[in-house]
Amino acid sequence: MNNPPPPAPPSPQDTDQLLVARTVAGDQRAYELLVIKYQRRIERLIGRMVRDTDLVQDIAQETFIRAYRALGQFRGEAQFYTWLYRIAVNTAKKALVDLRRDPLVTESALRSGEDEDETSAVENELTSPETPETVLAAKEIAAAVNQAMEALPEELRQAVTLREIEGLSYEEIAEVMSCPIGTVRSRIFRAREAISAKVRPMLAQQTGKRW
C-alpha cells in the first residue's frame, strides 16, 4: 500500500492569510510576524517615495498601525502584501502632503538600501571579475541609474520601483496604485525608456570590453 504524498507546504499567501486571521482573532504575535516579514520591504518602498531617511521609519510604523486597524476589512481578494503596499503608498503620499516635502532623491536616501536595490544588481552584474576599471564603471552606471530614478515623475518612479525592485506583477501594481493596468504598463515603459536613455551612452562606451 502506497503512502499518501506529504502535504504541500503552505504558500506565502496562505501563510499571510493565516497570520491575518490569527491577528483578527486577537493573536498579537501573529501580527508581529507579519511586521517582521514585511518591514524591510515596506521601508524600502517608502524610501523610494520619500527620499528622507529621517521619515522612512516613522511612515513605515504608521503604515503598519493603519494596516492593523484595517485588518478586519481585508477580505483576502488580493495578496496581503499588495494590500499592505497600497496602504504604504497612501501613507507616504499623505506624509508628503502634510509635511510639504518634495519627494526627490536625497544623497542619504541613495546610500540607504543599496544592498538590495537595483544599484547593487547593476554592480554585481558588471564586476565579475573585478578590476579597478570595472568597479569604477559599475559605480558610474549605478549612479546614473539612481539619477535617472530621481528625475522620474513620482508616479513613474513608484511604478518601476514596484515592478523592478519589488517584483510585483502588472496586476498587483494596478491594485497598489489604484489605476488601470494599461496605465501601469505605460508608466513602466516610460520609466524604463527614461532610465535607458541615461544609461545607454555609458554602456556604449564599454562596447568590446570584457566584463
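Note that residues are indexed from 1 along each chain, following the sequence as it is written. Per-residue local features are limited, in this predicted model, to residues with pLDDT of at least 70; the limit for side-chain atom pairs, both in listing and counting, is 80 or more; totals at the level of whole chains, interfaces and linings are taken over all residues. Side-chain numbers come from the whole structure's heavy atoms, not from hydrogens or water.

## Let's talk about the overall build of the chain
Along its length, the chain carries 10 helices and 0 strands. Each helix corresponds to a stretch of at least 4 residues labelled H or I by DSSP, and each strand to a stretch of at least 2 residues labelled E; elements are numbered beginning at the N terminus. Walking the chain from its N terminus toward its C terminus, one meets helices and strands in the order α-α-α-α-α-α-α-α-α-α. In the chain, which comprises 211 residues, the proportion classed as buried is 43%. Taking the intrachain contacts of the chain between residues at least 6 apart in sequence as the baseline, contacts between residues at least 24 apart amount to 64%. Buried residues are those whose accessible area, probed at 1.4 Å on protein chains only, stays under 20% of the maximum for their type, while exposed residues exceed 50% and partly exposed ones sit between those limits. Two residues form a contact once any of their heavy atoms are found within 4.5 Å.

## Description of unusual backbone geometry
Even without glycine at this site, Ser178 takes up a positive phi of about 55°. Mapped onto the fold, Ser178 is located in the loop between α9 (170-177) and α10 (181-205). Overall, Ser178 belongs to the partly exposed group, its relative accessible area being 47%.

## Brief notes about the packing of aromatic side chains
Ring geometry is summarised as follows: Phe, Tyr and Trp rings, the Trp one being its six-membered ring, pair when their centres sit within 6.5 Å, and such pairs are stacked at plane angles under 30 degrees, edge-to-face over 60 and tilted between the two. All chains considered together, the criterion is met by 7 aromatic pairs. Ring plane angle 50° and centroid distance 5.1 Å describe the contact between Phe74 and Trp83, whose orientation is recorded as tilted. Owing to a relative accessible area of 10%, Phe74 belongs among the buried residues under this scheme. Residue classification places Trp83 among the buried positions, given a relative accessible area of 17%. A network of ring pairs unites the aromatic residues Tyr38, Phe74, Phe80, Tyr81, Trp83 and Tyr85 as a single cluster. Residue placement shows Arg41 over the ring face of Tyr81; its charged tip is 5.5 Å from the ring centre. Looking at Arg185, its charged tip hangs above the ring of Tyr170, at a distance of 4.3 Å from the centre. Placement of a charge over a ring requires the Lys NZ or Arg CZ to be within 6 Å of the ring centre, with the centre-to-atom vector within 35 degrees of the ring normal.

## Examining the confidence of the model for the chain
pLDDT gives the predictor's per-residue confidence on a scale running from 0 to 100. Mean pLDDT over the chain works out to 78, with 72% of the residues at or above the 70 mark. By mean pLDDT, helix α6 (residues 118-126) is the weakest element of the chain at 41, and α9 is the strongest at 93. Low confidence marks residues 101-128, where pLDDT is under 50. Its contacts with residues over four positions away, or in another chain, come to 52 contacts.

## Brief notes about helix α2 (residues 28-50)
Bend at a residue means the angle formed by two fitted axes: the first through the 7 residues ending at that position, the second through the 7 residues beginning there. Helix geometry: α2 is bent most strongly at Tyr38, by close to 50°. Pairs of N or O atoms within 3.5 Å make up the polar contacts considered here, provided that, within protein, one atom can donate a hydrogen while the other can accept it, and that residues adjacent in sequence are counted only when both atoms are side-chain atoms. Measuring from the backbone nitrogen of Arg29 back to the side-chain oxygen at the start of α2 gives 3.1 Å, which picks out Asp27 as the cap. One or two residues past the end of α2 sits Arg51, with phi positive at roughly 60°.

## Focus on the packing of α2 against helix α4 (residues 80-99)
For the pair α2 and α4, interaxial distance at closest approach is 10 Å and the crossing angle is 40°. The pairing of α2 with α4 is recorded here as oblique in orientation. For the pair α2 and α4, the crossing hand works out as right-handed. Here α2 contributes Leu34, Tyr38, Arg41, Ile42, Leu45, Ile46, Met49 and Val50 to the contact with α4, which in turn contributes Phe80, Tyr81, Leu84, Tyr85, Ala88, Val89, Ala92, Lys93 and Leu96. Each axis is a line fitted through C-alpha atoms, taken for helices only over the stretch in contact, and angles between the N-to-C directions span 0 to 180 degrees. Here is the rule for angles: anything less than 35 degrees is roughly parallel, anything more than 145 is roughly antiparallel, 65 through 115 is roughly perpendicular, and the remaining ranges are oblique. Each crossing is labelled by how the near helix is turned from the far one, with a counterclockwise turn of less than a right angle marking it left-handed and a clockwise turn marking it right-handed.

## Here's the deal with the environment of Ile141
If you trace the backbone, Ile141 turns up in helix α7 (residues 132-151). Classification of Ile141 by relative accessible area gives buried; the value is 3%. Note: C-alpha distance between Ile141 and Val199 (58 residues apart in sequence) is 6.4 Å.

## Here's the deal with the side chain of Thr63
Within the fold, Thr63 resides in helix α3 (residues 53-70). Judged by its relative accessible area of 0%, Thr63 falls in the buried class. Aside from chain neighbours lying at most four places away, what touches Thr63 is Ile42, Ile46, Leu84, Ile87, Ala88 and Thr91.

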